[in-house]
Amino acid sequence: MLEVSTREQKEQRRPSPGAAIQVRIWRAIANFYSDWIYEPMATTLRFAHLVIIFVPVIVAIPIMFMGERVPEKSNERTGTLWWYVFLVNSMERAGPTFIKLGQWAASRSDIFPTQMCELMSRLHSNVDAHSLSATKRIIEDAFCGLPFEEIFLEFDETPLGIGAIAQVYKAKLHPALLPPNSEEEKQGFRGTFRHNVDVIAKSSPRQVPSMSVAIKVLHPGVENMVQRDLRIMHFFATVINAIPTMEWLSLPDEVTKFGEMMRLQLDLRIEGNNLVRFRKNFKNRSTVTFPKPYLDYTTKNVLIEEFAHGIPLSAFMEMGGGVFQKDIANMGLDAFLHMLLLDNFIHADLHPGNIMIRFYKPEKLDLLSLFFNPLQASTHIPQPPLTTSQNDVTEVALARLRPHIGNPKAWNEELAALDKELYQPQLIFIDTGLVTELNAVNRRNFIDLFHAIAEFDGYRAGHLMISRSRQPDVVRDPEIFALKMQHLILGVKAKTFALGAIKIGDLLSEALAMVRTHHVRLEGDFVNVVIGILLLEGIGRSLNPDLDLCKTSLPMLRQLGAQTAQFATMKGQPTTAEDEGPTSLGEALRSAWPMVKVWLALETREFLQTSVEDVERCVKYDLLSPNV
């Protein structure tokens, strides 16, 4: 999709093939003026602005070496911590590109110190809202010139949120503009049977088109500013990379990666298509949903999607989840593992602000239609229009909770009341502009590394991380790094049957610290996956301290094992020249063996833990030899 967007930009600069010679000349003059006069001047002025902001930050660097060390802050000096805060504040003033740069840097704890990453993750936009007239003009263009008043029944002119590159509004779309509900099942015997199976197996809420929509509108001119900032960043990255001992950072490559990430967010059609793919991947899972995008009205500058009726997860982390606490923690981790292990399509911006929680009531079984109207199996009978009753029920539940934010006791009592009324929680993931997909090379590296860890061979895992890194020749003390990895993995092996007590996040944090110390440059996508696990396990354990990442992954590993076995049975030859898959059944089974071993180990651990719990329960309640 990014390639398509880039190609469109280039085509917009060219005159149409049948254009008159005068149009072609005028277009050439306009491009020359933009490329060689206006943009260089604008970039120079932007550079001067950034110099004013960041020169004081550079001058203040010596302060980093002052002050006492703070043990609870990664043993950093007080001067260093002050300088980090000064840097973050300066990046907020520098505008959208540097705010996004800071947020990106927060995810690269393999490069930057932990405390800096923690502060960067709190970066907030100080961008002013663009004018309502600009919003109306952009939205009217998305609706092919339809007057603004005919598009919406209601439109809240105050933005819900103002981000670095866009702002979001809430509105009610005119009913005539609602797209058809293509996800609705056909009626008749088959449709009714499928509906009843869904109710029994998943208790999932019925999906209905919603007039309430969220509208994301790009800030006018933000793309040009980002392009100028990227040119400035690339220049300085090249200069810094020429300094001895700094080449291990490979800053020009990182700026290029960051530029690709920014361009993904500057075309809102990409986010809309990500939503479509996520909804398809999770269509059979009731615990998680994604807003429905209205692609007919989505353009590069506007995204229109179903409004997510929910309460941010951050409120539940602060107030507690009551009777739903463990369910919410397990649902979030389960969803992430589903993205990672089964879909290879991972939401790359998961934090409590991008996860909403709603409540719904399960639907009722339609047994009358199933048993008393079997002749309708092949006949589709028109149904009355879908209502928004489910959305109303959800809004009622949320309206009961919102007044209690800030009062934990009343909040938890209301959650208990919702549970008694058979309400069930559901997670809504929003802001899907950034996703991670491991390409063939990264996925092969991931499997090889997983293979080594599955065999508890930390030494080989360490050498694999070095050999598959971007710059193996700049790694410091590779042998010591491999031995440290061996020590880390042996610590896990000693607690194989008590993994619930192991914080996977702590292990990954320790591994990233070693990566940073020894200058092992990992691929950004791989680090994004690690950071995602860190975030989700941290969120999950704040809600459920007994959260067991390995136990939660068991259903996914079972399904992955079944898929791998089917693949190994059916695929004997690569389908294309680029496909470097197994060339025989034996090779396929050997490639699947690491996953199978982990699966069997976890199944054994689950069986032993269950057996121990059963024995303890029998002893506790005197069930082995009950007194008569």
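Remember, it's a predicted structure, so these values are computed and weren't measured experimentally.

Definitions and cut-offs
Residues numbered from 1 in each chain as written. Predicted model: local features only at pLDDT ≥ 70, side-chain atom pairs only at ≥ 80, totals over all residues. Heavy atoms only, no water. Core = buried A, V, L, I, M, F, W, Y, C linked by side-chain atoms within 4.5 Å. Buried < 20%, exposed > 50% of the residue type's maximum accessible area, 1.4 Å probe, protein only. Helix = DSSP H or I, 4+ residues; strand = E, 2+ residues; numbered from the N terminus. Contact = heavy atoms within 4.5 Å. Arc of directions from axis to C-beta. Salt bridge = Lys/Arg side-chain N within 4 Å of Asp/Glu carboxyl O. Phe/Tyr/Trp six-rings, centres within 6.5 Å; stacked < 30°, edge-to-face > 60°. Lys NZ or Arg CZ within 6 Å of the ring centre and 35° of its normal. Expected span 1.5 Å × (residues − 1). Pairing = 2+ DSSP bridges. Axes fitted to C-alpha atoms, helices over the stretch in contact; angles between N-to-C directions. Parallel < 35°, antiparallel > 145°, perpendicular 65-115°, else oblique. Left-handed = near helix turned anticlockwise from the far one by under 90°. Nonpolar A, V, L, I, M, F, W, Y, C, P; charged D, E, K, R; others polar.

The subject of this paragraph is the nonpolar core. Counting residues in hydrophobic clusters, the biggest one holds 43 residues, and the most contacted among them are F54, W83, L87, M91, F98, M120 and F258. Residue contributions to this core peak at seven residues, all from helix α3 (residues 78-94). Apart from residues lying up to four places away in sequence, M91 is in contact with F54, F98, I99, L101, G102, M120 and L123. F336, L340, I357 and F359 belong to the second largest nonpolar core, which has 33 residues in total.

The complete set of buried residues in helix α6 (residues 132-142) reads A134, T135, I138, I139 and A142. An end-on view of α6 places all buried positions within 130° of arc, on one side of the element. Opposite its buried face, α6 presents the exposed residues S133 and D141, each directed more than 90 degrees away. Lining the buried residues of α6 we find β3 (152-155), β5 (166-173), β6 (212-218) and β8 (302-306). With its phi angle positive at about 55°, C144 sits one or two positions after the end of α6.

On to unusual backbone geometry. If you check the backbone angles, S74 has positive phi at about 55° while not being a glycine. Assignment of secondary structure puts S74 in the loop between β1 (69-70) and β2 (76-77). Unusually for a residue other than glycine, N75 sits at a positive phi of about 60°. Mapped onto the secondary structure, N75 falls in the loop between β1 and β2.

Turning to the pattern of salt bridges, a few remarks are in order. All chains considered together, the criterion is met by 12 salt bridges. In this structure, E39 engages R228 in a salt bridge whose closest nitrogen and oxygen atoms are separated by 3.0 Å. Linking E39 in helix α2 (residues 21-59) with R228 in helix α8 (residues 222-241), this pair joins segments that are 189 residues apart in sequence. Here E223 makes a salt bridge to K300, at a shortest N to O gap of 3.4 Å. Residue E223 is located in helix α8, and its partner K300 is located in the loop between β7 (288-289) and β8; the two are separated by 77 residues in the primary sequence. Classification of E223 by relative accessible area gives partly exposed; the value is 23%. Residue K300 is classed as buried on the basis of its relative accessible area, which comes to 18%.

To continue, consider the packing of aromatic side chains. Counted under the stated rule, the structure contains 19 aromatic pairs. A centroid spacing of 4.5 Å and a plane angle of 20° characterise the contact between F143 and Y297, whose relative ring orientation is stacked. Taken together, the residues F143 in the loop between α6 and β3 and Y297 in the loop between β7 and β8 connect sequence positions 154 residues apart. Residue F143 shares its accessibility class with Y297, and that shared class is buried. Ring centres of F235 and F236 lie 5.2 Å apart, and the angle between their planes is 80°; on these two criteria the pair is classed as edge-to-face. Here the aromatic cluster, defined as three or more aromatic residues joined through ring pairs, consists of F143, F148, F152, F155, Y169 and Y297. Here the basic side chain of K170 rests over the ring of F307, its NZ or CZ set 4.4 Å away from the ring centre.

Under the 1.5 Å per step criterion, the end-to-end length of helix α9 (residues 251-265) is 21 Å for 15 residues, consistent within 8% with the ideal 21 Å. Inspection of α9 places L251, P252, E254, V255, F258, G259, M261, M262 and Q265 among the buried residues, and these make up the whole buried set. The secondary structure elements touched by the buried residues of α9 are α4 (96-106), β6, α8 and α10 (268-281).

Taken in spatial order, the four strands make up an open sheet running β7-β12-β11-β9, and their pairing is mixed. The open sheet has two free edges, formed respectively by β7 and β9 (311-312), since each of these has just one partner strand. Bridging between β7 and strand β12 (residues 424-429) involves two bridges; their strand directions are parallel. In the sheet register, V288 faces β12, and the bridge partner there is L427.

Here we come to the packing of α8 against α9. Where α8 contacts α9, the two axes come as close as 8 Å, and the packing angle between them is 165°. Taken together, the axes of α8 and α9 lie roughly antiparallel to each other. Once α8 is placed against α9, the crossing between them reads as right-handed. Together, V226, Q227, L230, M233, H234, A237, T238, I240 and N241 of α8 and L251, P252, V255, T256, F258, G259, M262 and R263 of α9 make up the contact between the two elements. Broken down by class, the residue content of the contact of α8 with α9 amounts to 10 nonpolar, six polar and one charged.

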